[in-house]
Amino acid sequence: TVVVFFSDNGGLATSEGSPTCNAPLSEGKGWMYEGGTREPLIVRWPGRVQPGAWCHTPVTSPDLYPTLLEAAGLPLMPEQHVDGVSLLPLLTGKGALDREALYWHYPHYGNQGGTPGSSVRAGDWKLIEFFEDGRFELYNLREDVSEQHNLAAEQPERTEKLAGMLAAW
C-alpha cells in the first residue's frame, strides 16, 4: 500500500491577517508566490520508498496520476496526464525527472487576496505573470526563497525566455 499526503495550496494568508504562517515563504493559498504553491509531499510505501528519505526536486499534483498508474503496474496514459510525470524514479531513488519546468495557472481572484496570474519554475528560477497589468516578477528561489528581490528588470533575457515558455504552455 502506498500512502500519499499533500496539499493543493499553501496555508492561508488573508487580507484580514494570517491565520497560518508560511514563513519564510511569501503569501499563501490563492497566490502565485511560494507560500501559495509550495507545500510538503509525504509518501509512505514500505519496501519501495526508503523511510526518512528526502527529495528536494519540485513536483506538482498532476504527477500523482501517472505515478499511481505506474506503481500499480498499469500503462501510462499520456493523453490524460499531459502535465504530469511519474515520480517513481524519485521515490525509489533510481533516477531524476525529465522535465524542463513546472507551471501554475490561477486566472481569477482569490478570496485570500491573490490576483489572476500564471507562473513558471525552471530550475531555481521562477517567473510570475500578473494578468491585471501584464507585469512580470522573476526570482532565484535558491537565493531568495521569500521572493523579496524581483530580478525581472536586472535579467531581461531570462525574463523574456521564461515568459515565452509560459506563453507557449
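Thresholds applied
- Per-chain numbering applies: the sequence of each chain, read as written, is numbered from 1 onward.
- Only residues with pLDDT of at least 70 are given local features in this predicted model, and only at 80 or more are side-chain atom pairs given and counted; all residues enter the totals for whole chains, interfaces and linings.
- Heavy atoms throughout the structure, all of them, feed into the side-chain values; hydrogens and water do not.
- Working definition: rings of Phe, Tyr and Trp (its six-membered ring) pair if their centres are within 6.5 Å, and the pair is stacked with planes under 30 degrees apart, edge-to-face with planes over 60 apart, and tilted otherwise.
- Counting from the N terminus, the helices are the DSSP runs of H or I reaching at least four residues and the strands are the DSSP runs of E reaching at least two.
- Relative accessibility under 20% of the residue-type maximum defines a buried residue, over 50% an exposed one, and the middle range a partly exposed one, all with a 1.4 Å probe and only protein chains included.
- The rule is short: NZ of Lys or CZ of Arg within 6 Å of the ring centre and within 35 degrees of the ring normal puts a charge over the ring.
- Only buried residues count toward a nonpolar core, which is a set of Ala, Val, Leu, Ile, Met, Phe, Trp, Tyr and Cys residues joined through side-chain atoms within 4.5 Å.
- The contact definition used throughout considers only heavy atoms, calling two residues in contact when any of these lie within 4.5 Å.

**Quick word on the packing of aromatic side chains**
Centre distance and the angle of the planes are the two values used to describe a pair of aromatic rings.
And step 1. For the coordinates displayed, the defined rule picks out four aromatic pairs.
And step 2. Aromatic side chains Tyr33 and Tyr139 sit 6.4 Å apart centroid to centroid with 65° between the ring planes, which places their arrangement in the edge-to-face category. With Tyr33 in the loop between β1 (3-6) and α1 (34-37) and Tyr139 in strand β6 (residues 135-140), the pair connects residues that are 106 residues apart, well separated along the chain.
And step 3. We classify Tyr139 as buried; its relative accessible area is 3%.
And step 4. On the numbers, 4.8 Å between centres and 10° between planes, the contact of Tyr103 with Trp169 is stacked. Of the two residues, Tyr103 sits in strand β3 (residues 102-106) while Trp169 sits in the segment after α4 (156-168), which places them 66 residues apart along the sequence.
And step 5. An aromatic cluster is built from Trp31, Tyr33, Phe130 and Tyr139, whose rings are joined through pairwise contacts.
And step 6. Here the guanidinium or amino end of Lys126 rests over the ring plane of Trp104, the centre of that ring lying 5.8 Å away.
And step 7. If you follow Arg158 out to its NZ or CZ, it ends over the ring of Trp125, 3.9 Å from the centre.

**Re the nonpolar core**
And step 1. In terms of nonpolar packing, the biggest core is built from 12 residues, these being Ala101, Val120, Ala122, Trp125, Leu127, Leu138, Leu151, Ala152, Leu162, Ala163, Met165 and Leu166.
And step 2. Mapped by element, the contributors of at least two residues to this core are β4 (117-122), β5 (125-130) and α4.
And step 3. With four residues, the single largest contributor to this core is α4.
And step 4. Contact partners of Leu151, with chain neighbours within four places excluded, come to Trp125, Leu138 and Asn140.

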